[in-house]
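A look at the structure
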Amino acid sequence: MQEFLNLAKEKCQNTKLLGGVGAILLILGNFFSYATVNFFGIKEGISFIEVTGGKILIVLGILNLALIFKEFIKSKLPTNILEKIKIIDNTKIILVPTIISAIVILISNGDIFDYGIAKASFGCYLLWIGIILSAVYPFIYKEKTL
């Protein structure tokens with residue numbers, strides 16, 4: 001068990017796996033049922049993509065992926081643009097879209113769960129796990145400097 005934990009710690013510190021999974025969960029969670037309502041035996045679900053917040057979360061998830069795999073993007077950009085966007089070299093910049101994602105979900109939760117008849121569903125859990133993984137990633141990942 002100790003070897004497995006050491007391997008998992010090493011993979012999280014030296015690869016971008018944790019951030020990539022978090023960003024992908026942040027995108028995929030929008031398409032699953034976010035909340036379900038059971039009313040007189042009729043069960044109905046709503047996915048987060050149906051509200052405006054879901055579309056915002058997809059854009060923020062794609063932005064997270066772009067910031068995580070910035071080396072691929074930086075190789076395609078001209079040097080004069082690279083000099084102007086030096087801020088993306090800091091891994092902790094990923095926290096900005098992650099915090100905005102959490103705020104969007106919290107604001108939308110007020111609209112969805114206001115009346116107490118809706119219950120959280122699989123998509124809700126995926127989104128929150130994605131936000132947690134995306135928030136933890138910049139603190140765990142040890143970026144290699146050249």
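Residues numbered from 1 in each chain as written. Predicted model: local features only at pLDDT ≥ 70, side-chain atom pairs only at ≥ 80, totals over all residues. Heavy atoms only, no water.

Topic: a nonpolar patch on the surface
A surface patch of nonpolar side chains, about 490 Å² in accessible area, is lined by Ile24, Leu28, Phe31, Phe32 and Phe122. With respect to the element layout, Ile24 can be found in helix α2 (residues 17-28). (Patch = residues over 30% accessible without salt bridge, like charges linked within 9 Å, V, L, I, M, F, W, Y side chains within 5 Å. Areas by Shrake-Rupley, 256 points an atom, 1.4 Å probe, with all protein chains shown as cover. Salt bridge = Lys/Arg side-chain N within 4 Å of Asp/Glu carboxyl O. Helix = DSSP H or I, 4+ residues; strand = E, 2+ residues; numbered from the N terminus.)

Describing the nonpolar core
Counting residues in hydrophobic clusters, the biggest one holds twelve residues: Leu26, Tyr34, Ala35, Phe48, Leu57, Ala102, Val104, Ile105, Ala118, Cys124, Leu127 and Ile131. Mapped by element, the contributors of at least two residues to this core are β1 (33-39), α6 (95-112) and α7 (122-140). Listed in part, the eight residues of the second largest apolar core include Leu67, Ile88, Ile94 and Tyr137. (Core = buried A, V, L, I, M, F, W, Y, C linked by side-chain atoms within 4.5 Å. Buried < 20%, exposed > 50% of the residue type's maximum accessible area, 1.4 Å probe, protein only.)

Describing the environment of Leu133
Within the element layout of this structure, Leu133 appears in helix α7. Each C-alpha atom, one on Leu133 and one on Thr98, is 9.6 Å from the other, the two residues being 35 residues apart in sequence. Apart from residues no more than four positions distant in its own chain, Leu133 is found in contact with Leu18, Val21, Gly22 and Leu25. (Contact = heavy atoms within 4.5 Å.)

Points about the sheet that holds strand β2 (residues 42-47)
Adjacent strands of a sheet form backbone hydrogen bonds with each other and so pair up, either parallel or antiparallel. Strand order in the open sheet formed by three strands is β2-β1-β3, with antiparallel pairing between adjacent strands. The sheet is open, and its two borders are formed by β2 and β3 (118-120), each paired with just one other strand. The mean angle between the axes of side-by-side strands here comes to 30°, regardless of whether they run parallel or antiparallel. Bridge count between β1 and β3: three bridges; the pairing is antiparallel. What sits directly across from Val37, in β3, is Ala118. Contacts from α7 reach β1 and β3 within the one sheet, and its direction differs from that of β1 by about 150°. (Pairing = 2+ DSSP bridges. Axes fitted to C-alpha atoms, helices over the stretch in contact; angles between N-to-C directions.)

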